[in-house]
Amino acid sequence: MTASSAEQLRKQGNELFKCGDYEGALAAYTQALGLGATPQDQAVLHRNLAACHLRLEDYDKAEAEASKAIEKDGGDIKALYRRSQALEKLGRLDQAVLDLQRCVSLEPKNRIFQEALRNIAGQIQEKVRYMSSTDAKVEQMFQILLDPEEKGTEKKQKASQNLVVLAREDAGAEKIFRSNGVQLLQRLLDTGETDLMLAALRTLVGICSEHQSRTVATLSVLGTRRVVSILGVDNQAVSLAACHLLQVMFDALKEGIKKGFRGKEGAIIVDPARELKVLIGNLLELLTEEGVSGQGRDNALTLLIKVVPRKSPKDPNNSLTLWVIDQGLKKILAVGGSLQDPPGELTVTANSRMSASILLSKLFDDLKCDAERENFHRLCENYIRSWFEGQGLAGKLRAIQTVSCLLQGPCDAGNRALELSGVMESVIALCASEREEEQLVAVEALIHAAGKAKRASFITANGVSLLKDLYKRGEKDSIRIRALVGLCKLGSAGGTDFSMKQFAEGSTLKLAKQCRKWLCNDQIDAGTRRWAVEGLAYLTFDADVKEECVEDEAALKALFQLSQSEERAVLFAVASALVNCTNSYDYEEPDPKMVELAKYAKQHVPEQHPKDKPSFVRARVKKLLAAGVVSAMTCMVKTDSPVLTGSCRELLSRVFLALVEDVEDRGTVVAQGGGKALLPLALEGTDVGQTKAAQALAKLTITSNPEMTFPGERIYEVVRPLVSLLHLNCSGLQNFEALMALTNLAGISERLRQKILKEKAVPMIEGYMFEEHEMIRRAATECMCNLAMSKEVQDLFEAPGNDRLKLLVLYSGEEDELLRRAAAGGLAMLTSLRPSLCSRIPQVTTHWLEILQALLLSSSQELQHRGAVVVLNMVDASREVASTLIESEVLEILLVLAKGEEGPVTRAAAACLGKAVEYGLIQPSRGGE
């Protein structure tokens, strides 16, 4: 490759930069750098890369590239200025001002440099003034908070609030930190007073937020063990505040510094990975410590779920997961296998075992190869054997509870554990125990095992009669309800297949009726009533059960109330039942020919229940909406619990999509907060769940006013999910609805158009303008028409060597009237905003005159008006183009239109003729017309 190739790439990058394709320019400049450019050319390329990063708002990289340019050429004034811009955005004003002073010394008369220097100097003075004014305030606040005579006073409360507010600003957090704040906050923590501890923890959040060096220094002063131990206090508010602080610390250690003083980082941080492992190690220790509250244990598990597994499978490094499995798997299993209440057991909540299951599942899913998974299985099996063998009945119960935990999490590990010698036999035997706590453990294990294909046949053969006996003869509702769920699970083995009934006719309805009865009995504790919902989650595969459920208003009310209770483990079951009632699972109509072939081959063919037809489903949806399902689901989405897994989010997304299917119901969904709830579902969860939620958002955006549906800043959050539906792996309907929704948003404001552009939607929208399906093609054209109000899109049309304008001109002559209307509208707008495009229209196609004439002669007033505006813009733009138009049949058409009824078409035609008279191309009639 030669230097000329580098020069060509640089020029190509310049053109791409001018067109607003900063990613493309970045690639071109980077490629040019690798082709052996001269030092001077390298300086130019580095400063160009800095310009791209500035536009892409990646200020760290912008500063780095500008610095490389300055290293090559110390007098590169553009590189100095760009580095000052990056440093200003990064908050490093003292360094930015040095670069600007250098710029001013090189070009003293440059007003841009002078103005930028004045602006930064003002910011520095303001920061100094702010810092000096807060010095005394910080000292005064700590004096009040640590004064024993001020105990419980309003003055003390106000001081604590002010301290928290001050720490939210980086300058304030830095001032507290430099004023020996961490040591003083430690004294507040040591008081043991709830209000002071909360104030200290919330202030520490501000100090550590997005600042790696302050985080490490804080851990050094307070001690990692001390910070983690606060999680375990028997005070829910303090434990949650400590959980938030630890989450912020983890984020700071993992992501590195985004604000603050980078020059001091290297001296403080040796190995952030070590600090992370120390924190995680302490969390693992906390799991099995005596005296730790159940809430604290739950918070520790929640943190481990968020921090340990990789965020994306594309990240090749799962070393943290492997380390946690080696160091802490037994401790996690100890929580998952704990028995509630017996003496000497760990203190747990109703959600602790479920949280342990989720953590185990996430760890298992994060493993990359068979050897890693085999090690996981081996550790689990060794742990279960250690309790099952030689530890008596208590040990067996503990082992069975651990197996239950695995079955709810990494079920492969659970299935392997069930196959251990004597485990399944012990489960069956303990189901017949006379002691309630032993029966509870065994029946729950049997229920979880029944859902696994490997064990379902064994249980059907050996456990059904036992479960029936427990259900019919059991004295305790807690046992009977669990036995019922086991029967429900086995009874729903055929799923929605109407031809595969497991029980006799009417049996599932009786089971469902009993489940609803227990669900509505508020005398039973929430933990036991949860099992009634589990039963309904399985039984609602049957359409008859669905119909009865939605008719039972009391049961629906109890279901929604339970979903908002502290019993978080019920969320998945509630979501599953709602998916079944709304038929929002994926279903494809079988090909009739394949059905006939299967029957001929004597293969089983699934049959749909008559009450699962669309008319029945729509009726059920309306009943659920009337019962307040949207409000209940909105509360479920807000749940900050590990139980709200990606799979659970997907179920909720499916239900929301079913609820907004009918246009008439969308107003109800919006009124009950559905729009707000869909946003987090569209941004987090499984790929399928995010797509379903995004499609529901698109439906709402199409048929309602987006500014009312998503008020305030929320409307800008809708753009990204909608753009995600434009990808090729989405269906044609999803593409179409996304384009329609984006069209609505693009017509609202320039800020929304800029957001759409920033999400890189324009190339995808342009791609769909070539789509064969006429509705998708039309929607893409309409969207581009609205986006054309933005300067960046106008630049794309005006850039040389592209066919964008040609496509709009040709579409203006298509048979599809709606497509013509969209294309002609875009053409009218572009020729108004960019007159230079008018002279290019005759060059893009030889049929341009025919297309314009057809628009002017159209029977549609809208098309006529668009055509008349395009002709007027062309006449205004150039006498030469005007001459070509007037010499054609366009003149006669304009004369006829100008004499028509008063309206926008008449006025545009008259204006065209007036301009032609002004050019001297035609003469006015004697009457002056």
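This one's a predicted model, so the numbers in the text were calculated from it and none came from an experiment.

### Focus on unusual backbone geometry
Of note, Glu-57 is a non-glycine position whose phi angle comes to about 65 degrees, a positive value. For Glu-57, the position within the fold is in the loop between helix H3 (39-55) and helix H4 (59-72). A positive phi is found at Asn-583, a non-glycine position, where the angle reads about 50 degrees. Within the fold, Asn-583 resides in the loop between helix H32 (571-582) and helix H33 (592-600). Among the residues examined, Asn-583 registers a relative accessible area of 17% and is labelled buried.

### Here's the deal with the packing of helix H11 (residues 194-208) against helix H12 (residues 212-222)
Axis separation between H11 and H12 bottoms out at 8 Å; the angle between their running directions is 140 degrees. Classified by the angle their axes make, H11 and H12 are oblique. Seen from H11, the contacting residues are Leu-204, Gly-206, Ile-207 and Cys-208; seen from H12, they are Arg-214, Thr-215, Thr-218 and Leu-222. Taken together, the residues of the contact of H11 with H12 sort by class into four nonpolar, three polar and one charged.

### Looking at the pattern of salt bridges
Tallied over the full model, the rule gives 48 salt bridges. One salt bridge connects Glu-115 with Arg-118, and the closest N-O pair in it is separated by 2.9 Å. Separated by three residues within a single helix, Glu-115 and Arg-118 lie in helix H7 (residues 111-145), roughly one turn from each other. Given the relative accessible area of 45%, Glu-115 is considered partly exposed. Residue Asp-552 pairs with Arg-516 through a salt bridge whose shortest N-O separation is 2.9 Å. One end of the pair, Asp-552, is in the loop between helix H30 (543-551) and helix H31 (553-563); the other, Arg-516, is in helix H28 (residues 507-520), with 36 residues separating them in the sequence. The class for Asp-552 is partly exposed, based on a relative accessible area of 22%.

### Here's the deal with the packing of H32 against helix H36 (residues 646-659)
Helix-helix packing is described using two parameters, namely the angle between the two axes and the distance between the axes. At a minimum axis separation of 9 Å, H32 and H36 run at an interaxial angle of 30 degrees. By the angle between their axes, H32 is roughly parallel relative to H36. Relative to H36, H32 is oriented so that their crossing is left-handed. In this structure, H32 contributes Leu-571, Phe-572, Ala-575, Ser-576, Leu-578, Val-579 and Thr-582 to the contact, and H36 contributes Ser-647, Cys-648, Leu-651, Leu-652, Arg-654, Val-655 and Ala-658. Of the residues that constitute the contact of H32 with H36, the class distribution is ten nonpolar, three polar and one charged.

### Structural notes on the UniProt feature "repeat: TPR" (unreviewed entry) in the protein chain
The UniProt record annotates "repeat: TPR" (unreviewed entry) at residues 77-110. Between the C-alpha atoms that bound residues 77-110 the distance is 11 Å, and the span itself is 79% helix and 0% strand.

### Thoughts on the packing of aromatic side chains
Evaluated as defined, the whole model comprises three aromatic pairs. Summarising the aromatic geometry, the rings of Tyr-81 and Phe-113 are spaced 5.3 Å apart at their centres and angled 50 degrees between planes, so their arrangement reads as tilted. Taken together, the positions of Tyr-81 in helix H5 (residues 77-89) and Phe-113 in helix H7 put the pair 32 residues apart, joining distant regions of the chain. Taking NZ or CZ as reference, Arg-530 lies 4.6 Å from the ring centre of Trp-531, over its face. The ring of Tyr-716 has Arg-751 lying over it, and the distance from NZ or CZ to the ring centre is 3.9 Å.

Conventions we followed
Residues numbered from 1 in each chain as written. Predicted model: local features only at pLDDT ≥ 70, side-chain atom pairs only at ≥ 80, totals over all residues. Heavy atoms only, no water. Helix = DSSP H or I, 4+ residues; strand = E, 2+ residues; numbered from the N terminus. Buried < 20%, exposed > 50% of the residue type's maximum accessible area, 1.4 Å probe, protein only. Axes fitted to C-alpha atoms, helices over the stretch in contact; angles between N-to-C directions. Parallel < 35°, antiparallel > 145°, perpendicular 65-115°, else oblique. Contact = heavy atoms within 4.5 Å. Nonpolar A, V, L, I, M, F, W, Y, C, P; charged D, E, K, R; others polar. Salt bridge = Lys/Arg side-chain N within 4 Å of Asp/Glu carboxyl O. Left-handed = near helix turned anticlockwise from the far one by under 90°. UniProt positions renumbered as here; feature names shortened; annotations may be inferred. Phe/Tyr/Trp six-rings, centres within 6.5 Å; stacked < 30°, edge-to-face > 60°. Lys NZ or Arg CZ within 6 Å of the ring centre and 35° of its normal.

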